[in-house]
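Residue-level listing of the chains:
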Amino acid sequence: MSPKIYTLPALPYGYNDLSPQISEEQLKLHHTKHHQAYVTGVNNILAKLEKARTDGTDLDMKATLKEFSFHLGGNDLHNLFWFNLAPVGKGGGAEPSGKLVEALNAEFGNYTRFKKEFSQAASSVEGSGWAVLTYLKESGRLAIMQIEKHNINFPVGTPILMVLDVWEHAYYLDYKNDRAKFVEAFWSIVNWAAVVQRFEAIQP
Ligand code: MN
């Protein structure tokens, strides 16, 4: 059996469907160029490792593995991101429901406070990165975290419920340098049903 390679998934909506929060041009570029580059990046590294094993040559292991982690993280995070978005009126921007609401209230006090903290986390990621809503299995608590680049500052094995990409490549065509405005627009296109589904899937 030959090993699988990584592929770019189709989006669950059209390129124009998240407009005006994310324009067609911005979304298409982000998906077909930026996400694709991480898919290609992972495949290239896997091929490079395979070739070195076949040839019996040595690699710069430190540099190769750093690149591996970066591209794999980029691919995985975009796969989460696309599916926790939905067009306005088709799930986008509704509010969370069910047990997730109880968990959000228990941790943050109320939904408004959660939104504020998550927005602040997203706006203040240093350089390129992500804001993340996670579930801490051992304590059963929700937590907001930041990821720098695609792979830095994040604890291994922590389940991710929702992500927001705050790399400039995610918003620059639409918002220029106004990241806060993009973060505000994000709330109108959150697919809460998908986030709830991820939350329920990992409940004991
Ligand atoms: Mn991105």
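Details of the structure are given in the entry above.
An account of the accompanying structure is given in this report.

Criteria and thresholds
Residues numbered from 1 in each chain as written. Predicted model: local features only at pLDDT ≥ 70, side-chain atom pairs only at ≥ 80, totals over all residues. Heavy atoms only, no water. Buried < 20%, exposed > 50% of the residue type's maximum accessible area, 1.4 Å probe, protein only. Helix = DSSP H or I, 4+ residues; strand = E, 2+ residues; numbered from the N terminus. Pairing = 2+ DSSP bridges. Phe/Tyr/Trp six-rings, centres within 6.5 Å; stacked < 30°, edge-to-face > 60°. Axes fitted to C-alpha atoms, helices over the stretch in contact; angles between N-to-C directions. Left-handed = near helix turned anticlockwise from the far one by under 90°. Nonpolar A, V, L, I, M, F, W, Y, C, P; charged D, E, K, R; others polar. Donors = N, O, S within 2.8 Å, 3.2 Å for Na, K, Ca; no water. Contact = heavy atoms within 4.5 Å. 1 Å grid on protein atoms, 1.4 Å probe; cavity = no way out; pocket = protein on both sides within 12 Å on 5 of 7 lines; lining within 4 Å. Points joined across faces, edges and corners; volume = space filled by probe spheres on them.

What follows is about the pairing of strand β3 (residues 160-165). In terms of residue burial, β3 counts as a mostly covered element, since six of its six residues are buried. Of the strand pairs in this sheet, strand β1 (residues 129-136) and β3 are connected by five bridges, and their pairing is antiparallel. Its bridge partner lying in β3, Val132 is registered against Val163.

Tallied over the entire structure, the rule returns 17 aromatic pairs. Between Phe81 and Trp130, the aromatic rings sit 5.8 Å apart at their centres with planes inclined by 85°, giving edge-to-face as the arrangement. Residue Phe81 is located in helix α2 (residues 61-83), and its partner Trp130 is located in strand β1; the two are separated by 49 residues in the primary sequence. You'll find Phe81 and Trp130 in the same group, each marked buried. Aromatic side chains Phe114 and Trp187 sit 5.9 Å apart centroid to centroid with 80° between the ring planes, which places their arrangement in the edge-to-face category. Linking Phe114 in helix α4 (residues 111-123) with Trp187 in the loop between α6 (179-186) and α7 (192-201), this pair joins segments that are 73 residues apart in sequence.

Turning our eyes to something else, we now look at the packing of helix α1 (residues 24-55) against α2. Where α1 contacts α2, the axes come no closer than 9 Å and their chain directions differ by 140°. For the pair α1 and α2, the sense of crossing is left-handed. When grouped by side-chain class, the residues that make up the contact of α1 with α2 number 13 nonpolar, 10 polar and two charged.

Once that is clear, we can look at the coordination of the manganese ion. Every protein donor of the manganese ion is accounted for by His30 (NE2), His78 (NE2), Asp165 (OD) and His169 (NE2), and the metal-donor separations fall at 1.9 to 2.1 Å. Along the chain, the residues that donate to the manganese ion are spaced as H-x47-H-x86-D-x3-H. The exposure class of His169 is buried, given its relative accessible area of 12%.

Spatial ordering of the open sheet is given by β2-β1-β3, a layout of three strands whose pairing is antiparallel. The open sheet is flanked by β2 (141-148) and β3, the only strands paired with a single partner. Averaged over all pairs of adjacent strands, the angle between strand axes in this sheet comes to 20°, irrespective of strand direction. Sheet topology places β1 next to β2; eight bridges connect them, and they run antiparallel. Bridging across to β2, Thr134 finds its partner in Ala143. Contacts from α4 reach β1, β2 and β3, with the element oriented near 140° to β1.

Ser19 connects to Pro20 through a cis peptide bond whose omega is 10°. Assignment of secondary structure puts Pro20 in the segment before α1. Phi at Lys149 takes a positive value of approximately 50°, unusual for a residue other than glycine. By the element assignment, Lys149 lies in the loop between β2 and β3. By relative accessible area, which is 42% here, Lys149 ends up partly exposed. Backbone geometry at Asn153 places phi at a positive 85°, although glycine is not the residue there. Tracing the backbone shows Asn153 in the loop between β2 and β3.

Before going further, it helps to examine the layout of surface pockets. Each pocket or cavity is described by its volume, and for the largest pocket that value is around 280 Å³. Lining the largest pocket we find Ser69, Leu72, Gly73, Asp76, Leu77, Leu80, Ile147, His150, Asn151, Phe154, Val156 and Ile160. A total of six residues in the lining of the largest pocket trace back to one element, the largest contributor, which is α2. The class makeup of the residues in the lining of the largest pocket is seven nonpolar, four polar and one charged. Roughly 170 Å³ of internal volume is contained in the second largest pocket. Each residue belonging to the lining of the second largest pocket can be placed in one class, and the counts come to five nonpolar, one polar and three charged.

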